[in-house]
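Observations on chain architecture
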Amino acid sequence: MEFTKFCPRCGRETDMLFGNEKKLCPDCYPDKNDILDIPREVEFTVCTVCGRMRKSGEWIEEYSLQDQLAAKFSEFAEDDVEMELQFWEDEGLKVRVHAEKGPIQDFYDTEVSIEDDQCPDCSRFQGGFYKVKLQLRGEEPLEPVSNEIVDIAAEATNDSRKDFLSNIDKVDHGFNFFLSTERITKKILTMLRDEYDPEIKRSYELIGEEGGEEVYRNVVSVRMD
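Below, the structure is looked at part by part. (Residues numbered from 1 in each chain as written. Predicted model: local features only at pLDDT ≥ 70, side-chain atom pairs only at ≥ 80, totals over all residues. Heavy atoms only, no water.)

1. Brief notes about the overall build of the chain
If you tally the helices and strands in the chain, you get 5 helices and 13 strands. Since a compact globule built from 225 residues should have a radius of gyration of about 17 Å, the 29 Å found for the chain marks it as more spread out than a globular shape. Oriented by its inertia axes, the alpha-carbon framework of the chain measures out at about 95 × 35 × 35 Å. Relative to its full complement of 225 residues, the chain shows a buried share of 36%. When contacts within the chain are restricted to residue pairs at least 6 apart in sequence, long-range pairs at least 24 apart make up 50% of them. Only carbon and sulfur atoms are counted for the fraction: they give 42% of the accessible area of the chain, which is about 14300 Å². Side-chain charges of the chain comprise 29 positive and 52 negative groups, with the mean position of each set lying 3 Å from the other. (Helix = DSSP H or I, 4+ residues; strand = E, 2+ residues; numbered from the N terminus. Rg over C-alpha atoms; globule rule 2.2 N^0.38 Å. Buried < 20%, exposed > 50% of the residue type's maximum accessible area, 1.4 Å probe, protein only. Contact = heavy atoms within 4.5 Å. Areas by Shrake-Rupley, 256 points an atom, 1.4 Å probe, with all protein chains shown as cover. Lys, Arg positive; Asp, Glu negative; His and termini not counted. Charge placed at Lys NZ, Arg CZ, Asp CG, Glu CD.)

This is the structure in structure tokens:
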């Protein structure tokens, strides 16, 4: 024999009741229970230079507002709950989270604040940071080689914001390139070896002390003869 289920709150007949201590129908359950824990205020940080957002301590490649909101609100997701976002501007950025857990449906309104900051990579770039000084020297015209180095550096930056060409100085008989990492330096040297077979020498210059230890910067000399 089947027993008819009735919601103790609204009195309507229902196929299923939900909850632990007090079971309710799908329509009444969201009035007394949350199927997602969504804060009333949410904030995240975006780099003002590259546009990446910070999530869980990492700067991630999400640039559009829609993708950034999706990344942020994924922190509140539950495996058994479908979530859809709706957002609009009304004296600030508003987000409505539509949630569905089986036959239970609900929504949550929250206000989002976006903080401006600079990621460490862009901060180093803006500050002229570099780990390696590459000295390109030679008697023949070096502008074509210099342009190739700039192209390789741009490709490396597209792959990783940590790899960048901080600055270029034109000097007598060549150029100085100021590079952020050994990784980007290696890519440039690989190209130079493959195409020109130059003479390459490494040295180190003392730039200061840190924690009582001397700190050195790499200097790579490339001779195009």
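2. Describing the packing of helix α4 (residues 143-159) against helix α5 (residues 182-196)
Across the interface, α4 lies against α5 with an axial gap of 10 Å and an inter-helix angle of 140°. In terms of orientation, α4 lies oblique with respect to α5. For the element pair α4 and α5, the recorded crossing hand is right-handed. Judged by residue contacts, Val145, Glu148, Ile149, Ile152, Ala153, Ala156 and Asp159 of α4 engage Ile184, Lys187, Ile188, Met191, Leu192, Glu195 and Tyr196 from α5. Of the residues belonging to the contact of α4 with α5, the class tally is 10 nonpolar, no polar and 4 charged. (Axes fitted to C-alpha atoms, helices over the stretch in contact; angles between N-to-C directions. Parallel < 35°, antiparallel > 145°, perpendicular 65-115°, else oblique. Left-handed = near helix turned anticlockwise from the far one by under 90°. Nonpolar A, V, L, I, M, F, W, Y, C, P; charged D, E, K, R; others polar.)

3. Some details on helix α2 (residues 65-73)
All of the buried residues in α2 are Gln68, Leu69, Ala71, Lys72 and Phe73. For α2, the elements touching its buried residues are β3 (41-47), β4 (53-55), β5 (58-60), β6 (82-89), β7 (93-101) and β8 (104-117).

4. Observations regarding the sheet that holds β7
A sheet is described by the order of its strands in space; here 6 strands give the open sequence β5-β4-β3-β8-β7-β6, paired in mixed fashion. The open sheet has two edge strands, β5 and β6, and neither has a second partner. In this sheet, neighbouring strand axes are inclined to one another by 40° on average, regardless of whether the strands run parallel or antiparallel. Bridge analysis of β4 against β5 gives 3 bridges, and the strand direction is antiparallel. For Met53, the partnering residue across the bridge sits in β5 and is Ile60. (Pairing = 2+ DSSP bridges.)

5. What about the pattern of salt bridges?
Applying the stated criterion across every chain yields a total of 16 salt bridges. A salt bridge links Arg52 to Glu61; the shortest N-O distance between them is 3.8 Å. Look at Arg52 and you get buried, because its relative accessible area is 6%. Take Glu61: its relative accessible area is 46%, and that puts it in the partly exposed class. Of the charged contacts, one joins Asp109 and Arg96 as a salt bridge, the two residues approaching to 2.6 Å between their closest N and O atoms. One end of the pair, Asp109, is in strand β8; the other, Arg96, is in strand β7, and 13 residues separate them in sequence. For Asp109, a relative accessible area of 33% corresponds to the partly exposed category. (Salt bridge = Lys/Arg side-chain N within 4 Å of Asp/Glu carboxyl O.)

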